[in-house]
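Structure at a glance
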Amino acid sequence: MLGMFYKILKTGIVTEKPADDSEIGQLAPELKRMVDRQFRGSLAIRMVDAGSCNGCELEIHALNNPYYGIEQYGVHFVASPRHADALLVTGPVSRHMESALIDTYQAMPKPSYVIASGDCACDGGEFGVSYASCGAIENVLPVDLKIPGCPPSPAQLMRGLLLLMGQRNPTTLR
Ligand code: SF4
């Protein structure tokens, strides 16, 4: 037990605040309001890495850290597509992941959203279309929202979710 406290003291705070966190203070209550209104307080997201370098995943994971704590606003990442309202996809779609991605989408209850997160997911990024890659997510699935960036920050992801809940047509976060 003492060893654990020693380790906590020695490690210190591992989550850094962004340089400017005023935007988060505005986005968070708005996100909660929209999730409450459109998803009865709980928006469930299934995340699929279709071929990313993992940079995008690190930013998505940050949404659940003690600083952003997106669960408290009603946004949950779920293990099963059958429980998901939205599919969040990163990376270009590698040929090996194409059928798994389609299966995941087909297993979701409809209507459901598809969000392309990161430049690779939006337009193929560095990788494009090749023998190993299908390129952008929209080459495989209908996409409702594109969140560009390499990788997009947690604040951009939050803004993207807000944009998604505010409209019904495919769009790109600017
Ligand atoms: S957009 Fe950038 S961080 Fe995300 S998967 Fe592509 S190369 Fe990696």
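The rules behind the values
Residues numbered from 1 in each chain as written. Predicted model: local features only at pLDDT ≥ 70, side-chain atom pairs only at ≥ 80, totals over all residues. Heavy atoms only, no water. UniProt positions renumbered as here; feature names shortened; annotations may be inferred. Helix = DSSP H or I, 4+ residues; strand = E, 2+ residues; numbered from the N terminus. Rg over C-alpha atoms; globule rule 2.2 N^0.38 Å. Buried < 20%, exposed > 50% of the residue type's maximum accessible area, 1.4 Å probe, protein only. Salt bridge = Lys/Arg side-chain N within 4 Å of Asp/Glu carboxyl O. Near = heavy atom within 4 Å. Nonpolar A, V, L, I, M, F, W, Y, C, P; charged D, E, K, R; others polar. Axes fitted to C-alpha atoms, helices over the stretch in contact; angles between N-to-C directions. Left-handed = near helix turned anticlockwise from the far one by under 90°. Contact = heavy atoms within 4.5 Å.

As annotated in an unreviewed UniProt entry, the chain carries the name Hydrogenase and comes from Sedimenticola thiotaurini. Under the UniProt heading Sequence similarities (unreviewed entry), the note attached to the chain is "Belongs to the complex I 20 kDa subunit family."

1. Regarding the overall build of the chain
From N to C terminus, the chain includes six helices and six strands. When the helices and strands of the chain are listed from N to C terminus, the series reads α-α-β-α-β-β-α-β-α-β-α-β. Its C-alpha radius of gyration of 17 Å places the chain within 12% of the 16 Å reference for a compact globule of 174 residues. Dimensions along the principal axes, computed over C-alpha positions, put the chain at roughly 55 × 40 × 30 Å. Counting every position in the chain, which comprises 174 residues, the buried fraction comes to 44%.

2. Some words on the pattern of salt bridges
All told, the structure shown has four salt bridges when counted by the stated rule. Close ionic contact of Glu 138 with Lys 146 constitutes a salt bridge, the shortest N to O distance being 3.0 Å. For Glu 138, a relative accessible area of 44% puts it in the partly exposed group. With relative accessibility at 19%, the residue Lys 146 sits in the buried group.

3. Here's the deal with the site of the ligand
Around the ligand sit Ser 52, Cys 53, Gly 55, Cys 56, Asp 119, Cys 120, Gly 149, Cys 150 and Pro 151, and that is every residue in its neighbourhood. For the shell around the ligand, the elements supplying multiple residues, two or more each, are α3 (55-62) and α5 (119-123). Here the residues of the shell around the ligand sort into five nonpolar, three polar and one charged.

4. Observations regarding the packing of helix α2 (residues 22-39) against helix α6 (residues 154-166)
Where α2 meets α6, the axes come as close as 10 Å, and the angle between the chain directions of the two elements is 35°. Judged by the twist between their axes, the crossing of α2 over α6 is left-handed. Two secondary-structure elements touch here, α2 through Glu 23, Ile 24, Leu 27, Ala 28, Glu 30, Leu 31, Met 34, Val 35, Gln 38 and Phe 39 and α6 through Ala 155, Met 158, Arg 159, Leu 161, Leu 162, Met 165 and Gly 166.

5. Considering the environment of Ile 60
Tracing the backbone through its elements, the reader meets Ile 60 in helix α3. Each C-alpha atom of the pair Ile 60 and Leu 157 lies 7.7 Å from the other, and the pair is 97 residues apart in sequence. Aside from chain neighbours lying at most four places away, what touches Ile 60 is Met 47, Phe 77, Leu 88, Thr 90, Ser 117 and Leu 157.

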